Each structure stands twice: as structure tokens, then as C-alpha cells.
Amino acid sequence: MKYVLLGAAMAAGIATTAPAQDITLGRFFGACEDAGTDTTTSTGEACIIQSIINAADAELDGINITTLPTDWGNYYDQVKAAYAGGTPPDVHVMHRHRVPEFAGLGAIAEISGDLAAAGIDPSDWSPAALDAVSFKGGIYGVPMDFHANLWHVNMDLMAQAGLVADGKPVLPTSPQELLAHAQQFKDATGQDYLAADFAQFPLGVRTVLALLWQQDANIFTEDGTATINTPEAQNAVTAITQLFDAKLANPQLNYADSQQAFLNGEAGILVNGTWVVDFYTAEAAKEEVGLNTYYVADFPTLFAKGATWADSHMWAIPASLKGEQRAAALKVMAFINDHNIDWARTGHMSVRTSVVESAAYQGLPHRDEYTGTAAIARDTPPSERYGAIQDVLNRELQAIWLTDKPVSDALADAEIEVQDLLDR
Amino acid sequence: MAPRSRLSQTQAAWLLLAPFLATYALFLVYPFCRGIWISLHDWNLLAVAFNPDAKEFVGLRNYERVMWGKNITWSLFNAPLLQGLGLLALVLSALLHRLGRLSRLNAIVFGVVSLLLVFFPGFYPDEGGRWYDRRFWPTVANTLVFVAFTVPGVTISALLLAAALNRETRAMGILRTLFFLSQVLSVTVVTLIWQIMFSPRQGLIANITKTFGGTPINWLTDQQFAMAAIVIATIWWSIGIAMILFLAGLQDISKDIYEAAALDNARGWKAFWYITLPNLTRTISVVVILQIILHFQVFGQSHLMTQGGPNDSTQVLVRYIYQTGFRDSELGRASAMAVFLFLIMGSFSIIQFIIGRERD
């Protein structure tokens, strides 16, 4: 018996001293110091994703994962610099809108041939999810979510303003109604009807884009012609600026301040993404927080058809990754893919049919309130210059609501600059 | 008889200089030359990394695309205020030189600077024309505004602080340390502190404003205040080193002069004006030039506090270079802008060199 035990101990020793694969992982979502390895109880994007990564590090045999320190605002600059320097992270998160740039240059790996071996079943991904990670017929990543702009609603204030029916908020169906509701809201509550970060983070851009798509228009065509200085864009912008002009919303709040205004009960509606649903749910449950009755609504349709800004998070590996390192990186992606239900707890929409159909998913807080969002999710046509184009729009829209630049001048300037970017 | 040295003095000098020269060449001269080389190419950061042949030699086209435009003309009346100021300064420097109040070299330096002020703002796109890059010159102007407010701000406040703290007491020692403390912080910490200070909801400034019944200002998202906010944070950050330089300068001034002046009834403000300042001119010019060179490279404050906004009003040159190089992957264009920035800073270094030499 003693020898058996000794032998087992030696075997275990040999097994554990087998060379471990060190995987570096790059991600945004922010830092979470004590995420632990319990993927089922963490809250908020940063802690949920870090708990999944920690669990992968603990549970995947022979794989050590190091999460690289990266920063939200400069994430793509860091990743690009790492690729250019020949030291990209072994696995990294990215948005679908970056696929044309990274896959087009051959930076990220085409992995359709690796999925089965890694235990990833792409047939479980929804068609839109598969589309998100596809480029010129190849698969360039593992999708993790759909995220989109929602209207986060303070139901107590809305009820006070008489804008609740059947337990649901009454949301506008036209720009005129938007103004009327906002005025009615202000008169009843003394608070701003709507808040969002119109000042720094491009939430204002995403709102205007949604209103543009709702008129079946877009900022540029697939063949690369900028179409921004149009009556549709004027309509979309003035739908928002009418609120600022009537002092029913404040364009000067940034992300933190607009969120704080909503949580303090100083705004009826906050335009923000799916990523904060669990956070606001948790905040609303706290005694000291001004927001008490929280509701999540699909982005309302103010024009002809429904549309809201949306994107996807996905995981990719560098094309240069080969052999066991590549296999290990794929295992990490498979682990994250397996924990899609945990990630969906943030508020994001799942990419896996099996998860979407599960009772656990359907039972997530507020999930049934924004089921329409998946059908109206939109984004601009693919472009390698997505980041720069967003920046132009953000700048010119800010110029309209923060510096009183005439709408037509700003749209004309934005059109010239976006065309310049598309022509480069 | 002393043993003969096997190396001549020149050889020994070269030998001792070699480690420095090698490092200097490797880490400064080579990257600089390569920067110029890249600026002559259409060079995509990622594309070239994966395929070294993906670059294309385009000569000076990047410079043209960044700095020039279609149908650009020149007029003396395009920017009457700036150009008028330049003309006035030109006349003034000639006049002061004539009256013997300005040396020839200084007159030339001021004359050249004034001439540039008349020359550069005179360009504009004529009918149907446009700048190829509509953001470049406004960005340069923002950087100049930042430097124009920060440098005097730092210099004057550091000088006043140094004069006030130039005493050998324990309290002054502690205060000197306190005022220097901000200097050791990194830009991320400084901008975080000031972002909280400027926050219209929880910021100290907003709370004070509210206490007195005012409406808090959205410092970082209001076009009128965003640049001021960055300037204030920068002055707070960089006051320490300037203060130390001034303290060193102050301690070089002989006590005898002050005693002699005190006999003539020159104390306090009078002593500061007639003794301290004239004796500090050299330190002041060093501080000013160093600050100019330093603050032309401003990046973190604008990047982290305002993201260049609102509406590009705090977009500065280095941040634009960074965005062009990394966000847009256009290394060629970014390098062309960097060469432009080098020329600006290089010219200020030359001015410093000239002023320094003249006094010797």
C-alpha cells in the first residue's frame, strides 16, 4: 500500500511538473481585484469576466492565465502596438467592428478548423453571432455577446409624471411626443426627462445613429460615400437638441455624472448599454440609492422602424500563435464560451441559442423587458476606420450641443471629414 | 619624468565619450532619423508589421496632407488681431533696439517671432479651397494657447511661492516640501485628482460654489472652461520644479545687496522688484524656456481629463500624433506631425542657446 501511495504521489508530482502553457490575456471591461473563481455570483462586467478567467486558470489543467493590465480608453492602441511589436496577447477580447481591420491585415487567426477540437460548437451560435465573427468566409473569433443601447427607466418618477401604463413606461413614438413627454415629466417632477453621456463617451453618437437608422438612412454607404449632411440626420439631431433647447436634458454630463444623476433619481431615463443592467438592479435594491423601481426598455421607435446601436464582444487569437500555445489559447476561449450564461448576467444578450432558450437566462432580472432589442440591433457598415469615424461624429455632435454650432454646419463638416477618412 | 600617456587627450576624450555617444546615437539619433524616414512614407502601423513591403515612399506628401490644402492663399488681414499683434511687436522690437533697450541678438529673436506671427495666421483657403487636414492647425493653435497660459502661470506662481518660502524656518521647509509634492505624482494621479476636483456633482469646487449659492460649472465639458481646467491642473502639477529652480536662484543672490537696499529704504515689494527680479532674469529665462519645451509636449492632461473635447477645444498636438499613429495606424502622417513639433521645440532650444550665449 505504501508503495502504491508513493507511486501515486510521484505520478501526481510528474503530472503537475509537466510544463504549463502560459497564456497572456488582454481585455477591457475594467479591473476587478478580488473576483475569485465563483462565476455564478460576481456582479458587473469587470468582476464577472475576471471570475470566469480566474476559474479557467484554476480549472484548465496545464494552463496558466495572466491577465494583462490594459486600460479601456487606450485598449486598441495597446493591442495594435503589441501586434506591431510582435508580442500580442495570446487571447484578447475585441469588438466585432474591429474585425475588418484586424482580420483584413492577417493579424488575428482564422479558427474555423480549430473549433471542434477545442470543444466549441459554432452551430449553437445564433446566425447574427456567427456573422459578427465572420470575415470573407472565415471565422475569426468566438463571439461572447450582443450589446446594445437601452433606455434605463426610473419607474417612480415616470409614474409621478403619469407616464406609466400596465406596469410599463409609456415611451414616445415620435420626436414631437418625445418633447411632449419630456415637458410633462419636467412639469410633474422638476427633474430632467432624459440623461446620457452626450459630452465625452460616444453615447450621443449612438443615440443619433439609432434615430438615423430608424429613418432607413446611414452615415455612409457600403461603397464608401459619406451621407451625413441629409434631412434624415437633421431630424435625428434635432430630436435630441429640442430637449437641450427646452432645458429638459443636460448635454454637459459625462458618463459618470449622467449615471449618477440617474441613480440619484434626478433623471427619468438614462440612455446606456446592456452592460449596466445588473449593476443598476443591484444599486436600485440599496436603501440609500435614489433609484428604487428600475425598469429596462427597448430603445423606442421615434421614426418609421425600430433600430438601436449594437455591437458584439468576441475573443480572438493572433494568427502567429501555433502548436500547443494555440491549442491552450483555444481552450481558454472554449471555457469562456461555456460560461456564456454567466456573462449574460451583466445584462448583455447571449450569442448561444442553448443559453437564450434556457430558463436560467430567461429568468435573469429585467430580461423580459428588453426582448425586442435583438431584433432592432444595428451598426454602421464595416470600416477599417470605425474608431476615427466615431470620433468625428462625436466631435461634431458635441459641437452642436456643447458649443451651439449650427446643425447644418456640423453635419456638413462631419460629412467632409468622414469622406476624407473613407477616401484615405 | 612622468610616464608618457599612451592616449592623446583627444583620444581619451573620445574614449570616455563613447558610451554616451553610442547610447545617444542608438536611442535618440537613430529613432529620430527613422522618424523622418517614416514621415516620407505611406506607412500603416499594422500592415507594415505583418508585411515590411506594405509601405510606399511618398516624398513630402504626408507634410502636404497635414499642413497644406487646396487653394490656400495669404493675406495680411486674415487674422487681424494676431497679425496686428505681430506687426506691433515687430515695430516695438526695432524701436527698442534703436533706443538701446534691446540688444541686437534679442531684437532679432523677437523680430523673427513677431514676423512668424504676421506670416503664419495669414494663410487661409480661398473660395472652393480647404485644408487637407482640417484639424491640424486648430490643434497647433490649441497647443499654443495651452503653452501661452501654462508657462506664465507656472513661472509667476512658482516665483511668488519661492520668494515667500525663501526663509530658513522649519515651517517654510515643510511648506516647500508640500508644494514640491505634487511634482512627484504621475499624470494619471494628477488628472484623477483634478477630475474629482472639477466634477460638477461631487467635486470640491462644485461644493464650494453650491455653498455660496452658485451653480456648479461643468469644467471638463464646457468649451469655455475645459482648457482652463487643464491649465490649472498642469500649473498645480509642475509648480514644484520651477519653485526649486527659483529657490536656488534666490539663494545665489547675496544678502549684502538686500542689506544695502534696506539702508536705502527698499524693502518688501520694492526689494523684490529692484533686486530680486533683475538678479533672477537668468533663472527666469531658463525656467520659461524649459517650461515651453515641456508643455508643448502636453498629452496626458488632455487625453485623460477631456479626451480633447469638447469639440476639439483641448485637442493638443501630441494627442493628435498619438491618435493618428495608433488609433488610425497612419504612422507616416503621425511622424510628419512629430517632425513639425520637433522643429517648434528645436527653435525654442535655439532661442535659449542664443540668450544663454549672449549673457556669457
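Look a little higher up for the structure.
Bear in mind the structure is a predicted one, so any value in this text is a computation, not a measurement.

(A) Quick look at the overall build of chain A. Per the secondary structure count, chain A includes 19 helices and 13 strands. What you see for chain A is a C-alpha radius of gyration of 23 Å, in line with the 22 Å of a compact globule of 424 residues. Judged by the C-alpha coordinates and their principal axes, chain A covers about 85 × 55 × 35 Å. Surface accessibility of chain A: about 16,500 Å² in total, with carbon and sulfur atoms responsible for 53%. Each charge sign in chain A was given a centre, from 23 positive and 54 negative side chains, and these centres are 5 Å apart.

(B) Here's a closer look at the packing of aromatic side chains. Counted according to the given criterion, the structure contains 43 aromatic pairs over all chains. Judged by centre distance (5.5 Å) and plane angle (90°), the rings of Trp137(B) and Phe340(B) are edge-to-face. Of the two residues, Trp137(B) sits in helix H6 (residues 136–165) while Phe340(B) sits in helix H15 (residues 331–359), which places them 203 residues apart along the sequence. Summarising the aromatic geometry, the rings of Trp219(B) and Phe225(B) are spaced 5.4 Å apart at their centres and angled 65° between planes, so their arrangement reads as edge-to-face. For Trp219(B), a relative accessible area of 14% puts it in the buried group. An aromatic cluster is defined as three or more aromatic residues linked by ring pairs; in this entry it consists of Phe28(A), Phe29(A), Trp72(A), Tyr75(A), Tyr76(A), Tyr83(A), Phe102(A), Trp343(A) and Phe50(B).

(C) Structural view of the packing of helix H10 (residues 226–252) of chain B against helix H12 (residues 268–295) of chain B. All names here are of chain B. Interaxial distance between H10 and H12 falls to 10 Å at its minimum, and their mutual angle equals 145°. Here the hand of the crossing between H10 and H12 comes out right-handed. Residues Thr234, Ser238, Ile241, Ala242, Leu245, Phe246, Gly249 and Leu250 of H10 form the contact with H12, whose participating residues are Thr276, Leu280, Thr283, Ile284, Val287, Leu290, Gln291 and His295. Its residues assigned to classes, the contact of H10 with H12 comprises nine nonpolar, seven polar and no charged.

(D) Quick peek at the interface of chain B and chain A. Counting from both sides, the interface comprises 35 residues of chain B and, opposite them, 35 residues of chain A. Both faces combined, the contact of chain B with chain A buries some 3,000 Å², and carbon together with sulfur accounts for 47% of it. For the interface between chain B and chain A, the tally reads eight salt bridges. Notably, a salt bridge pairs Arg135(B) with Asp391(A), separated by 3.8 Å at the nearest N-O pair. Linking chain B with chain A are 17 residue pairs in polar contact (both at pLDDT 80 or more), by the criterion used here. The set of elements that each furnish at least two residues to the side of chain B that touches chain A consists of helix H2 (45–50), helix H13 (300–306) and helix H14 (317–327) of chain B. In terms of residue count, H2(B) provides more of the side of chain B that touches chain A than any other element does, five residues in total. Grouping the constituent residues of the side of chain B that touches chain A by class yields twelve nonpolar, 13 polar and ten charged.

(E) Representation of helix H10 (residues 231–245) of chain A within the structure. Residue and element names in this part refer to chain A. For H10, spanning 15 residues, the distance from its first C-alpha to its last is 20 Å, which sits close to the expected 21 Å at 1.5 Å a residue. Of all the bends found along H10, the most pronounced is centred on alanine 239 and spans about 30°. Taken together, the buried positions of H10 are occupied by Ala233, Ala236, Val237, Ala239, Ile240, Thr241, Gln242, Leu243 and Phe244. Residues of H10 that are buried in the fold lie against helix H8 (175–189), strand E9 (192–195), helix H9 (203–213), helix H18 (386–403) and helix H19 (407–423). At the exit of H10 stands lysine 247, carrying a positive phi of roughly 55°.

(F) Summary view of the packing of helix H11 (residues 255–263) of chain B against H12(B). Residues and elements named next belong to chain B. Packing of H11 against H12 leaves a shortest axis separation of 11 Å and a crossing angle of 155°. When the axis of H11 is compared with that of H12, the two are roughly antiparallel. Where H11 crosses over H12, the handedness of that crossing is right-handed. Contacts between H11 and H12 involve Ile257, Tyr258 and Ala261 on the former and, on the latter, Ala271, Ile275, Thr276 and Asn279. Grouping the amino acids of the contact of H11 with H12 by side-chain chemistry returns five nonpolar, two polar and no charged.

Cut-offs and rules
- Residues numbered from 1 in each chain as written.
- Chains lettered and ligands numbered in written order.
- Predicted model: local features only at pLDDT ≥ 70, side-chain atom pairs only at ≥ 80, totals over all residues.
- Heavy atoms only, no water.
- Helix = DSSP H or I, 4+ residues; strand = E, 2+ residues; numbered from the N terminus.
- Rg over C-alpha atoms; globule rule 2.2 N^0.38 Å.
- Areas by Shrake-Rupley, 256 points an atom, 1.4 Å probe, with all protein chains shown as cover.
- Lys, Arg positive; Asp, Glu negative; His and termini not counted.
- Charge placed at Lys NZ, Arg CZ, Asp CG, Glu CD.
- Phe/Tyr/Trp six-rings, centres within 6.5 Å; stacked < 30°, edge-to-face > 60°.
- Buried < 20%, exposed > 50% of the residue type's maximum accessible area, 1.4 Å probe, protein only.
- Axes fitted to C-alpha atoms, helices over the stretch in contact; angles between N-to-C directions.
- Left-handed = near helix turned anticlockwise from the far one by under 90°.
- Contact = heavy atoms within 4.5 Å.
- Nonpolar A, V, L, I, M, F, W, Y, C, P; charged D, E, K, R; others polar.
- Buried area = accessible area lost by both parts, 1.4 Å probe.
- Salt bridge = Lys/Arg side-chain N within 4 Å of Asp/Glu carboxyl O.
- Polar contact = N/O pair within 3.5 Å; in protein donor to acceptor, adjacent residues only side chain to side chain.
- Expected span 1.5 Å × (residues − 1).
- Bend = angle between axes of the 7 residues up to and from the residue.
- Parallel < 35°, antiparallel > 145°, perpendicular 65-115°, else oblique.

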